[in-house]
Structure formats: structure tokens, C-alpha cells
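Take a look at the letters that make up each chain.
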Amino acid sequence: SVPPAETAAALDQERRTRVVELVQAAAAAARHGEHDLAARGYLHAFGLCGAASLLISVGHMLIKLGIGDAARAIFEHLLTLPASLSPEQQSLVKRRIAQLKAGEPAAKMTPSLL
């Protein structure tokens, strides 16, 4: 059965609130060098809302953790969903893939974004 509109709206608001909480916690974890926790937070938020930007953040945290192969797989997957990426995000994702293929160290991959 389909929930009443009020119930659906409340669930959507609850989900948005949870996504914001997860992203804020993940960002705080990243600022404190807890990249594993940050990656898990961004991934959980992605599962709730499907925003491609959250997968980009997961990829960045994996780079910081030294798991470049997994980061590259995420970035390559994102390129299969071009409608979900802005032109700037597409450019960033392509740049990260090239950097990972070239074996660039994480510190050279735009530290302000990591």
C-alpha cells in the first residue's frame, strides 16, 4: 500500500535530516584524519539519497586511505552515470582517474579537496 502523502513527506524529511547528519559527521571525521569513518559516513548518506557527490567524497577518502584501486573503480563507475554529474564533477572525476592511473601520490591530488 502507498503511505498517505503526509507520511511520505515526513519520511522524506526524516531521510533528508539523516543525510545532513551523516554528511556533517563524515566531514568532521575527515577533518580529524578519520578517513575510514568519513568514507563509511559518505557511503551511508549516498545509500539514502543517491547523490553522486557523495560517491566522489568516498573516492577521495579511499585515496587518503591508500586504496587507490577502489577509488578508481568508484570514479570509473561514476563516468557511466554522466547525467548524475555536473560538468565540473565530470572533469574532476576524469582528472582523478588519470592521476590514479599515473600513480600520483594522494598529496598531489588537490589536497584542499581531500
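Scroll up to find the structure this text is about.
Model, not experiment: these values are computed from the prediction.

Colleague: Just to check I follow, could you spell out the packing of helix α4 (residues 68-79) against helix α5 (residues 87-102) for this structure?
Modeller: Each pair of packed helices can be summarised by the angle the axes make with each other and by the distance between the axes. Contact pair α4 / α5: the axes reach a minimum separation of 9 Å and the direction vectors enclose 145°. As α4 packs across α5, the resulting crossing turns out to be left-handed. Along its contact with α4, which presents G68, A71, R72, F75, E76, L78 and L79, the element α5 presents Q90, V93, K94, R96, I97, L100 and K101. Partitioned by chemical class, the residues of the contact of α4 with α5 number seven nonpolar, two polar and five charged.

Colleague: What's the story with the pattern of salt bridges in this structure? I'm lost.
Modeller: Note on pairing: side chains with opposite charge can pair once their charged atoms come close. The tally for this structure, following the rule as stated, stands at four salt bridges. Across the salt bridge formed by R18 and E21, the nearest N and O atoms sit 3.5 Å from each other. Residue R18 and its partner E21 are both found in helix α1 (residues 5-31); the two are separated by three residues, about one turn of the helix.

Colleague: It is not clear to me how the nonpolar core should be interpreted in this structure. Could you clarify?
Modeller: The nonpolar side chains of a soluble globular protein tend to be buried with one another. Grouped together as the largest cluster of nonpolar side chains are 27 residues, with contacts concentrated most on Y42, I56, F75, L78 and V93. For this core, the secondary structure elements donating two or more residues are α1, α2 (35-49), α3 (52-64), α4 and α5. Here this core gets eight residues from one element, more than from any other, and that element is α3. If we skip the residues at most four places from it in the chain, V93 touches I56, F75, L78, L79 and L85.

Cut-off values and rules
- Residues numbered from 1 in each chain as written.
- Predicted model: local features only at pLDDT ≥ 70, side-chain atom pairs only at ≥ 80, totals over all residues.
- Heavy atoms only, no water.
- Axes fitted to C-alpha atoms, helices over the stretch in contact; angles between N-to-C directions.
- Helix = DSSP H or I, 4+ residues; strand = E, 2+ residues; numbered from the N terminus.
- Left-handed = near helix turned anticlockwise from the far one by under 90°.
- Contact = heavy atoms within 4.5 Å.
- Nonpolar A, V, L, I, M, F, W, Y, C, P; charged D, E, K, R; others polar.
- Salt bridge = Lys/Arg side-chain N within 4 Å of Asp/Glu carboxyl O.
- Core = buried A, V, L, I, M, F, W, Y, C linked by side-chain atoms within 4.5 Å.
- Buried < 20%, exposed > 50% of the residue type's maximum accessible area, 1.4 Å probe, protein only.

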